[in-house]
Amino acid sequence: MAQVNLDNALESGRDAVRRHAWREAFDFLTAADQARSLEAADLEGLAEAAWWNGRLDDCISARERAFALRLEAGEPRRAALLAIDLAKDHFGRRAGAVGAAWLSRAQALLKDEPVGPEHGYLTRIECVNAYNRGDYEQALELARQTAEIGTRFGSRDLMTLGLQIHGQILIAQGQFGEGMAMLDQATLAALNGELRPLTTGII
């Protein structure tokens, strides 16, 4: 465990998040949170650090708190992104009903918002769900929407996530050549360091 100085724990935690030093980030931000409750952005950093350290309960707790703060601050888009992450967390631990509830909250928050990158992350998780239940036609449409939103807003992460899941769907349909070509493009973007750490991990 990192040696924690409470006087600079928050700044040290923020610096560790920027450096992707996830163990340090978790230790410092946890200490800072115990000394003084963190704000939403720092709770999001704590959640990501907890995720990389395999501490899913801590990750979920931090995200739930950040979600409540984003709602309270009148930030529906940021709240929706947290709801999407929480849906993924619960789907990943096979808590389908809880995951579906968080997904519904994200959909409701973004329903009346102008299309933005947040909608791309929503279509991506909807795409994965369609793919997992074997609805490849719906999944392909959602994969295209994810990539299109990423292109429109200049998000390499969304563009690549859309490309990656599109390739997976094509392979599942027996279109191996075209599907593998898409996966190769997505892998190249990940290997070149063009993407966020979590996106790179997914690819």
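The structure we're discussing is the one just above.
Draft legend 1. Examining the overall build of the chain more closely. What the chain contains, in helices and strands, is eleven helices and zero strands. The C-alpha radius of gyration of the chain comes to 18 Å, within 12% of the 17 Å expected for a compact globule of 203 residues. Principal axes of the C-alpha set define a box for the chain whose edges measure 55 × 35 × 30 Å. Summed over its atoms, the accessible surface of the chain is roughly 10,400 Å², and 50% of this surface lies on carbon and sulfur atoms. Charge centroids of the chain, computed over 22 positive and 29 negative side chains, lie 1 Å from each other.

Draft legend 2. Representation of the pattern of salt bridges. Enumeration according to the criterion identifies 17 salt bridges in this entry. A salt bridge links Arg23 to Asp27; its shortest N-O distance comes to 3.6 Å. Taken together, the positions of Arg23 and Asp27, both in helix α2 (residues 22–35) and four residues apart, correspond to about one turn of that helix. A single network of salt bridges, built from pairs that share partners, joins Glu44, Arg70, Glu75 and Arg78.

Draft legend 3. Quick look at unusual backbone geometry. For His20, which is not a glycine, the phi torsion comes out positive at approximately 60 degrees. By the element assignment, His20 lies in the loop between α1 (9–18) and α2. Take His20: its relative accessible area is 42%, and that puts it in the partly exposed class. Although it is not a glycine, Arg94 adopts a positive phi angle of roughly 65 degrees.

Draft legend 4. Summary view of the packing of α2 against helix α3 (residues 40–52). At a minimum axis separation of 8 Å, α2 and α3 run at an interaxial angle of 135 degrees. Judged by the inter-axis angle, α2 sits oblique to α3. As for the relative orientation of α2 and α3, their crossing is left-handed in sense. The segment α2 lies against α3, with Trp22, Ala25, Phe26, Leu29, Thr30 and Asp33 engaging Asp42, Leu43, Gly45, Leu46, Glu48, Ala49, Ala50 and Trp52.

About the cut-offs
Residues numbered from 1 in each chain as written. Predicted model: local features only at pLDDT ≥ 70, side-chain atom pairs only at ≥ 80, totals over all residues. Heavy atoms only, no water. Helix = DSSP H or I, 4+ residues; strand = E, 2+ residues; numbered from the N terminus. Rg over C-alpha atoms; globule rule 2.2 N^0.38 Å. Areas by Shrake-Rupley, 256 points an atom, 1.4 Å probe, with all protein chains shown as cover. Lys, Arg positive; Asp, Glu negative; His and termini not counted. Charge placed at Lys NZ, Arg CZ, Asp CG, Glu CD. Salt bridge = Lys/Arg side-chain N within 4 Å of Asp/Glu carboxyl O. Buried < 20%, exposed > 50% of the residue type's maximum accessible area, 1.4 Å probe, protein only. Axes fitted to C-alpha atoms, helices over the stretch in contact; angles between N-to-C directions. Parallel < 35°, antiparallel > 145°, perpendicular 65-115°, else oblique. Left-handed = near helix turned anticlockwise from the far one by under 90°. Contact = heavy atoms within 4.5 Å.

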